[in-house]
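Report on the structure
One-letter residues, chain by chain:
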Amino acid sequence: ETHRLAKHPNVTVVKDLDPLLQQSDYVSIHCPLNDETRGSFGRAQISQMKPTAFLINTSRGAICNEDELIACMEERRIAAAGLDVTTTEPPSMDSKLWKLDNVWLSPHTGWRRIETRQRLVDMTADNIEAYCKASSEADLINVVN
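It is possible for side chains of opposite charge to pair when their charged atoms get near one another. Evaluated as defined, the whole model comprises 6 salt bridges. Linking Glu74 and Lys96 is a salt bridge whose minimum nitrogen-to-oxygen distance equals 3.5 Å. A residue pair is termed long-range when its members are at least 10 positions apart, and Glu74 in helix H3 (residues 66-74) and Lys96 in the loop between strand E3 (80-83) and strand E4 (103-105) qualify at 22 residues. The salt bridge involving Lys133 is made with Glu129; its shortest N-O contact spans 2.8 Å. Of the two residues, Lys133 and Glu129 both sit in helix H4 (residues 114-133), 4 residues apart, roughly one turn of that helix. Assessed through its relative accessible area of 62%, Lys133 is described here as exposed. Ionic contacts of the salt-bridge type, sharing partners, join the residues Arg43, Glu75 and Arg77 into one network.

Time to look at the packing of aromatic side chains. By the definition in use, this model includes 2 aromatic pairs. Between Tyr26 and Phe54, the aromatic rings sit 5.3 Å apart at their centres with planes inclined by 15°, giving stacked as the arrangement. Here the residue Tyr26 occupies a position in strand E1 (residues 26-29), and Phe54 occupies one in strand E2 (residues 54-57), the gap between them amounting to 28 residues. Given a relative accessible area of 56%, Tyr26 falls into the exposed group. Using a relative accessible area of 23% as the deciding quantity, one classes Phe54 as partly exposed.

The next subject is unusual backbone geometry. The omega angle of the peptide bond from Glu89 to Pro90 is -10°, so this bond is cis rather than trans. Mapped onto the elements, Pro90 comes out in the loop between E3 and E4. Positive phi values are uncommon outside glycine, yet Arg76 reaches one of about 55°. Residue classification places Arg76 among the partly exposed residues on the basis of a relative accessible area of 46%.

A few words on the sheet that holds E3. Taken in spatial order, the 4 strands line up as E1-E2-E3-E4 in an open sheet, and their pairing is parallel. Unpaired on one side and paired on the other, E1 and E4 mark the two borders of the sheet. Between one strand axis and the next, the sheet turns by 10° as a mean value, whatever way the strands run. Pairing between E3 and E4: 3 bridges, direction parallel. By the bridge assignment for E4, Leu83 is matched with Leu105.

A word on a nonpolar patch on the surface. A contiguous nonpolar surface patch, about 220 Å² in accessible area, is contributed by Val14, Leu17 and Leu20. Its place among the elements puts Val14 in the segment before helix H1 (17-23). In this structure Val14 comes out as partly exposed when scored by relative accessible area, which is 39%.

The rules behind the values
Residues numbered from 1 in each chain as written. Predicted model: local features only at pLDDT ≥ 70, side-chain atom pairs only at ≥ 80, totals over all residues. Heavy atoms only, no water. Salt bridge = Lys/Arg side-chain N within 4 Å of Asp/Glu carboxyl O. Helix = DSSP H or I, 4+ residues; strand = E, 2+ residues; numbered from the N terminus. Buried < 20%, exposed > 50% of the residue type's maximum accessible area, 1.4 Å probe, protein only. Phe/Tyr/Trp six-rings, centres within 6.5 Å; stacked < 30°, edge-to-face > 60°. Pairing = 2+ DSSP bridges. Axes fitted to C-alpha atoms, helices over the stretch in contact; angles between N-to-C directions. Patch = residues over 30% accessible without salt bridge, like charges linked within 9 Å, V, L, I, M, F, W, Y side chains within 5 Å. Areas by Shrake-Rupley, 256 points an atom, 1.4 Å probe, with all protein chains shown as cover.

Put into structure tokens, the structure is as follows:
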């Protein structure tokens, strides 16, 4: 099975995360939080990254094992981490994340772009329209993309 972008000249599809982590200058996490992804990014993954690499998490805080992330950042395993999300939002006042000079925190505002909000409005309108056009109870399904 091939990825729909596999033939794009600027895309390399990989099946194994390890070589990707070892080669990347920037690793940006974009995945939903579920049982499979919770705590799935921690010391084992960060240790494979280049010491000059940057980690960016704009998805869900709990995808990163925060204790392991903090330890790796204290050890300066990678250059820096930019976190738009944390396990607890906002982090507690005594969280080490606040004191690390190689961790940048933002208040989970990545979704605030006008395009993102317009997409939310469009999805809401699509759901209302689908509800109004439903011909049976089986058609009444709320789908979030």
